[in-house]
Amino acid sequence: LNSKDGVISSKCRVQCRQLIWGKEYAQRLEQDRKEEWRDGDGDGDDMGNLGDCKFDVIMAADCIYIAQNVRPMLETVSYLLSDKPGSKFLFVNTCASTCTKEDVFRIAEDEFGLCHSIEDEVYHDEELKYRVDDTVHVLYKSSKEEEGI
C-alpha cells in the first residue's frame, strides 16, 4: 500500500507481483510501474511524480533456500523499497541453508544499509486446532537521524 503522511489513500491498491532477485529485475519492475503511472493505471495520488515508483511495503516468505540468494534478494529490496519513513520489508523465513538469520541481518546492514527489527506474531486457529509461531522479520532503511547525521 502506498500512503501519504501516514494516511492510506482511497486510490491505493494492493499489488502482488513476482519478484525475481537482482537489481536488473528490480529496475525492470520500477520501469513497468512508471509506465503504469504514465498510462493512468498507477496507484499513487500524484500521477505526475514518476520519480517515486518504489514500494512502501514488500513482503516475502520462505525465500532464502540457498545462501547465494541472500545478496540478490537484499539488492532487490534495497532498490525497490521506498525511502519514506515507515517503509518496510517484512519476511518470514526459516534459513534452510548455511546462511543463518544473523548472517542475513549483518549483510543487510553492512552491504545494503538496511536495519533490522523483530515483530513476533502468533497465529491461532480455534477451528483447525493448530498454532503457528513465526517471527516476522522487519528490514527498513535507516533514517539520517538514526545514522547520526
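Residues numbered from 1 in each chain as written. Predicted model: local features only at pLDDT ≥ 70, side-chain atom pairs only at ≥ 80, totals over all residues. Heavy atoms only, no water.

To continue, consider helix H1 (residues 23-38). Given a rise of 1.5 Å per residue, 16 residues ought to cover 22 Å, and the 22 Å separating the end C-alpha atoms of H1 matches this to within 8%. For H1, every residue scored as buried is listed here: Ala26, Leu29, Glu30, Arg33 and Trp37. Along H1, the residues classed as buried sweep out an arc of 100° about the axis, all on the same side. Against the buried residues of H1 lie helix H2 (70-80). (Helix = DSSP H or I, 4+ residues; strand = E, 2+ residues; numbered from the N terminus. Expected span 1.5 Å × (residues − 1). Buried < 20%, exposed > 50% of the residue type's maximum accessible area, 1.4 Å probe, protein only. Arc of directions from axis to C-beta. Contact = heavy atoms within 4.5 Å.)

It is worth spelling out the nonpolar core at this point. By size, the foremost hydrophobic cluster in this structure holds 22 residues, and its most contacted members are Ile64, Val70, Leu74, Phe89, Phe91, Val104 and Leu139. Looking at this core, the elements that each hand over two or more residues are H1, strand S3 (57-61), H2, strand S4 (88-92) and helix H3 (101-112). At 5 residues, H2 tops the list of elements feeding residues into this core. Residues contacting Phe89, with those up to four places away along its chain left out, are Ile58, Met59, Ala60, Met73, Val77, Leu81, His137, Val138 and Leu139. (Core = buried A, V, L, I, M, F, W, Y, C linked by side-chain atoms within 4.5 Å.)

Contact geometry for H1 and H2: axes closest at 8 Å, N-to-C directions at 30°. It follows from the interaxial angle that H1 and H2 lie roughly parallel. Crossing handedness for the pair H1 and H2: right-handed. Taken together, the residues of H2 that come into contact with H1 (itself represented by Lys23, Ala26, Gln27, Leu29 and Glu30) are Glu75, Thr76, Tyr79 and Leu80. Residues that form the contact of H1 with H2 fall into these classes: 4 nonpolar, 2 polar and 3 charged. (Axes fitted to C-alpha atoms, helices over the stretch in contact; angles between N-to-C directions. Parallel < 35°, antiparallel > 145°, perpendicular 65-115°, else oblique. Left-handed = near helix turned anticlockwise from the far one by under 90°. Nonpolar A, V, L, I, M, F, W, Y, C, P; charged D, E, K, R; others polar.)

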